[in-house]
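Spelled out from the first residue to the last, the chains are:
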Amino acid sequence: MPSRPGEPSGRLPSPPERTRRPGSRLLLAVALAGVVAGALVGGAHVADILCDAAGVTSNPVRLGLKVACITAALPALFYLVERLFLSRAARKKQGPS
């Protein structure tokens, strides 16, 4: 049933100056998927390099270090992508002066 004038419609009006960039959600999804893949691959490689440099041959220790490196890389990369997208969203079009 349509709402009467003066009655709240249940939806909040969006601000007119705020626009969504086309493809921004898709780009964010691709970037976050890349973060997960990068953290898995990069964290594992860093752990292997550290274990080889330290001369660690124990498989449980190597696996534990891989888990620790991946666990450290994931939030760090999520933070970087978040900062990138927030700075991208904050940019405003510069009109003629």
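Parameters and conventions
Residue positions are counted from 1 within each chain, in the order its sequence is given. A pLDDT threshold of at least 70 governs which residues receive local features in this predicted model, and a stricter bar of 80 or more applies before side-chain atom pairs are shown or counted, although totals over entire chains, interfaces and linings include all residues. The side-chain figures draw on all heavy atoms in the structure; neither hydrogens nor water molecules are used. A carboxyl oxygen of Asp or Glu within 4 Å of a side-chain nitrogen of Lys or Arg is what we treat as a salt bridge. Numbering of helices and strands runs from the N terminus, with a helix taken as a DSSP run of H or I at least four residues long and a strand as a DSSP run of E at least two residues long. Using a 1.4 Å probe on the protein chains alone, a residue whose accessible area is under 20% of its type maximum counts as buried, one over 50% counts as exposed, and one in between counts as partly exposed. Given a helix with a known number of residues, its expected span is that number minus one, times 1.5 Å. In this description, contact between two residues means that some pair of their heavy atoms is separated by no more than 4.5 Å. Exposure above 30% relative accessible area and no salt bridge define the residues that can form patches, which grow by joining like charges within 9 Å and nonpolar side chains of Val, Leu, Ile, Met, Phe, Trp and Tyr within 5 Å. Only the protein chains shown count as cover for residues, with accessible areas throughout obtained via the Shrake-Rupley method and a probe of 1.4 Å. Cysteine sulfurs are considered disulfide-paired once they come within 2.5 Å of each other.

## As for the pattern of salt bridges
Oppositely charged side chains can form a pair if their charged atoms are brought close together. Throughout the structure, instances matching the rule amount to 3 salt bridges. D52 serves as the salt-bridge partner of R62, at 3.1 Å between the closest nitrogen and oxygen. Remark: D52 occurs in helix α1 (residues 24-54) and R62 occurs in helix α2 (residues 59-90); sequence separation between them is 10 residues. The class for R62 is buried, based on a relative accessible area of 17%. Three or more residues are tied together by salt bridges with common partners; here these are D48, D52, R62 and K66.

## So, α1
The terminal C-alpha atoms of α1 lie 43 Å apart, and with 31 residues this matches the ideal 45 Å at 1.5 Å per residue to within 8%. Along α1, the residues that are buried comprise S24, V35, A39, G43, A44, A47 and C51. In this structure, the buried side of α1 is in contact with α2. Following α1 by one or two positions, G55 adopts a phi angle in the positive range, close to 75 degrees.

## Some details on a nonpolar patch on the surface
Residues V36, L40, V41, L74 and F78 make up a contiguous nonpolar surface patch of about 380 Å² in total accessible area. Counting only elements with at least two residues in the nonpolar patch, the list comes to α1 and α2. The biggest single contributor to the nonpolar patch is α1, with 3 residues. Turning to its location among the elements, L74 is positioned in helix α2.

## A few points about the state of the cysteines
If you walk through the whole model with that rule in mind, you get 0 disulfides. The thiol of C51 is unpaired, and the distance to the nearest cysteine sulfur, on C69, comes to 7.8 Å. Overall, C51 belongs to the buried group, its relative accessible area being 2%.

## Topic: α2
Under the 1.5 Å per step criterion, the end-to-end length of α2 is 46 Å for 32 residues, consistent within 8% with the ideal 46 Å. Every buried residue belonging to α2 is among R62, C69, A73, V81, F85 and R88, and all of these are buried. Packed against the buried residues of α2 are α1.

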